[in-house]
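Descriptive structure summary
Residue-level listing of the chains:
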Amino acid sequence: MSLDDLVVSTEKIDTVYVTKLQGNLNNFTAEKCIKSVLNSLKHGSVILDLEELNMVTTQGIIAFKTLSEEAFLHKHKIILVNLPLSVRQAFLMAGVRNLFPIANNEEAAFKMASRPSR
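Basis of the calculations
Positions within a chain are numbered from 1, following the residues in the order the chain's sequence is written. Two thresholds apply to this predicted model, a pLDDT of at least 70 for residue-level local features and 80 or more for giving and counting side-chain atom pairs, whereas whole-chain, interface and lining totals are computed over all residues. Side-chain measures here rest on the full set of heavy atoms in the structure, leaving out hydrogens and waters. When DSSP finds at least two bridges between two strands, those strands are taken to pair. Put simply, DSSP H or I for four residues or longer makes a helix, DSSP E for two residues or longer makes a strand, and each gets a number counted from the N terminus. Contacts: residue pairs with any heavy atoms within 4.5 Å of one another. To define axes, lines are fitted to C-alpha atoms, for helices over the stretch in contact only, and angles between the resulting N-to-C directions are given on a 0 to 180 degree scale.

1. Digging into the pairing of strand β1 (residues 6-13)
Regular strands show a simple pattern: their side chains alternate between the two faces of the sheet. Taken together, the eight bridges between β1 and strand β2 (residues 16-25) define a ladder with antiparallel strand orientation. Of the residues in β2, the one forming a bridge with V7 is Q22. The turn joining β1 and β2, which pair antiparallel and follow one another in sequence, is formed by two residues; a positive phi near 60 degrees is taken by D14.

Structural data, given as structure tokens:
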């Protein structure tokens, strides 16, 4: 997989959309990520499975911030699950904290996503 590859796959389970990101989130792929997640976010909460996300650059961090703002506007949640160490480090280096709730596993993510937003 090259640096400009990002595979985004989405599956609807009950009222929650599970989106898996595979590859790299950077200036080449950020727009694709945002568009894909926004399509789901318009209809309900989203669980972002990042287990196979290899790299996040500054542009990827900006994409996550954009998604956070859109989730607030749509009154839905985005829950992160399966964060690789490289993604956690990218968030720490960018000074990003508490942008999204992070679930320990898929079951916890579904419980968080199913609760009504406040």
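We are not done yet, so read on.
2. Brief notes about the sheet that holds β2
With respect to topology, five strands assemble into an open sheet ordered β1-β2-β3-β4-β5, the strand pairing being mixed. Every other strand in the sheet has two partners, leaving β1 and β5 (102-103) as the edge strands with one partner each. Where strand β3 (residues 46-56) and strand β4 (residues 78-81) come together, four bridges link them in parallel fashion. Residue pairing for β4: I47 is matched across the bridge by I79. Lying on the sheet, helix α2 (residues 58-74) is in contact with β2, β3 and β4; it crosses β3 at an angle near 170 degrees.

The values reported here are purely geometric and, on their own, carry no functional implication.
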